[in-house]
Amino acid sequence: MTTIAIIGAGPGLGVAVARRFGREGFDVALITRTTDRAHALSADLAGEGLTARGFAADVRDPKALEAALDAATATLGPIEVMQYSPVPQREFMRPVLETTPADLVGPIEFSVYGPVAAVRQVLPGMRALGRGTIVFVNGGTAAVPHPDRAGTSIAFAAESAYGHLLHGALADEGIHVAQLVIPGAISPGHPRKDPAALAETIWNIHRDQHGYRHFADDLDS
């Protein structure tokens with residue numbers, strides 16, 4: 001059996017995706033910033049009968065992220081699906097006219113260096129399998145930049161471009177790269193933005209292997 005690695009896993013979307021893929025027989029690697037959260041989430045899922053393990057890494061530390069993905073592969077087996085969905089830090093969202101070069105370091109580390117490090121780490125295993133799915137999950141500023149959220153608007157645009165380039169470069173190898181844009185907040189009870197509904201969308205992206213950019217909801221919602 002193969003593994004889904006969820007980078008930036010939390011109790012909402014991350015756990016919902018883990019449950020959805022776990023029902024299909026995937027083992028689950030949960031990568032979070034702290035060991036305590038990683039172990040707590042994986043213990044909860046294991047209590048539900050899923051094979052889940054937690055690993056700690058800050059996505060702004062490429063070496064730590066690479067090590068966590070290596071440990072996940074060694075513990076659970078080949079990573080067939082990778083979801084990159086950490087939640088941006090509040091300080092990334094400054095008005096554009098107040099944004100300095102230093103203010104962009106964190107967002108770029110978070111949304112460019114992290115994804116590149118993660119993809120390069122999982123790609124050899126996907127190539128060996130002859131298949132794979134990589135999903136980048138972003139907020140609405142990935143599609144429509146917002147003047148009060150300059151950091152994420154700029155960094156998500158770069159992440160989007162990287163993912164789109166991968167989508168074209170890897171298609172002939174059976175590796176599907178996609179982006180899910182979630183406008184606004186993830187909202188329990190919402191028909192399209194409830195964590196379980198989003199998890200179903202991500203499962204469908206993996207299953208159908210069609211298209212690059214997907215929207216969880218209308219951009220003005």
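Before going into details, it helps to say that this report is about the structure given with it. The structure displayed is predicted, hence computed values, not measured ones.

Observations regarding the pattern of salt bridges
For step 1, the next point in the chain: Within the structure shown, the criterion is met by 13 salt bridges.
For step 2, the next point in the chain: Close ionic contact of arginine 33 with aspartate 58 constitutes a salt bridge, the shortest N to O distance being 3.9 Å. Taken together, the residues arginine 33 in the loop between β2 (27-32) and α2 (35-47) and aspartate 58 in the loop between β3 (52-56) and α3 (62-76) connect sequence positions 25 residues apart.
For step 3, the next point in the chain: Judged by relative accessible area, which is 59%, arginine 33 ranks as exposed.
For step 4, the next point in the chain: The exposure class of aspartate 58 is partly exposed, given its relative accessible area of 26%.
For step 5, the next point in the chain: With its nearest N and O atoms 2.8 Å apart, the salt bridge here joins glutamate 109 to arginine 60.

Some remarks on the sheet that holds strand β4 (residues 79-84)
Backbone-to-backbone hydrogen bonds pair the strands of a sheet. The strands run either parallel or antiparallel.
For step 1, the next point in the chain: Strands sit in the order β3-β2-β1-β4-β5-β6-β7 across an open sheet of seven strands; the sheet is parallel. Edge positions in the sheet fall to β3 and β7 (213-215), since each has one partner strand and no second. Pairs of neighbouring strands in the sheet enclose a mean axial angle of 20°, with direction left out of account.
For step 2, the next point in the chain: Across the sheet, α3 touches β1 (3-7), β2, β3 and β4, and the angle it forms with β3 is around 160°.
For step 3, the next point in the chain: Contacting β4, β5 (132-139), β6 (175-182) and β7, helix α5 (residues 150-170) runs over the sheet at an angle of about 160° to β5.

Comments concerning the pairing of β4
For step 1, the next point in the chain: The buried fraction of β4 amounts to six of the six residues, a majority that puts the element mostly inside the structure.
For step 2, the next point in the chain: Alignment of β1 against β4, held across five bridges, turns out to be parallel. Within β4, the position partnered with isoleucine 4 by the bridge is valine 81.
For step 3, the next point in the chain: The pairing of β4 with β5 spans four bridges and is parallel. In the strand pairing of β5, valine 81 is matched with threonine 133.
For step 4, the next point in the chain: With helix α4 (residues 105-129) bridging β4 and the parallel β5, this β-α-β connection has right-handed handedness.

Rules used throughout
- Residues numbered from 1 in each chain as written.
- Predicted model: local features only at pLDDT ≥ 70, side-chain atom pairs only at ≥ 80, totals over all residues.
- Heavy atoms only, no water.
- Salt bridge = Lys/Arg side-chain N within 4 Å of Asp/Glu carboxyl O.
- Helix = DSSP H or I, 4+ residues; strand = E, 2+ residues; numbered from the N terminus.
- Buried < 20%, exposed > 50% of the residue type's maximum accessible area, 1.4 Å probe, protein only.
- Pairing = 2+ DSSP bridges.
- Axes fitted to C-alpha atoms, helices over the stretch in contact; angles between N-to-C directions.
- Contact = heavy atoms within 4.5 Å.
- Right-handed = clockwise from strand over helix to strand, strands pointing away.

Coordinates in, geometry out; function isn't part of it.
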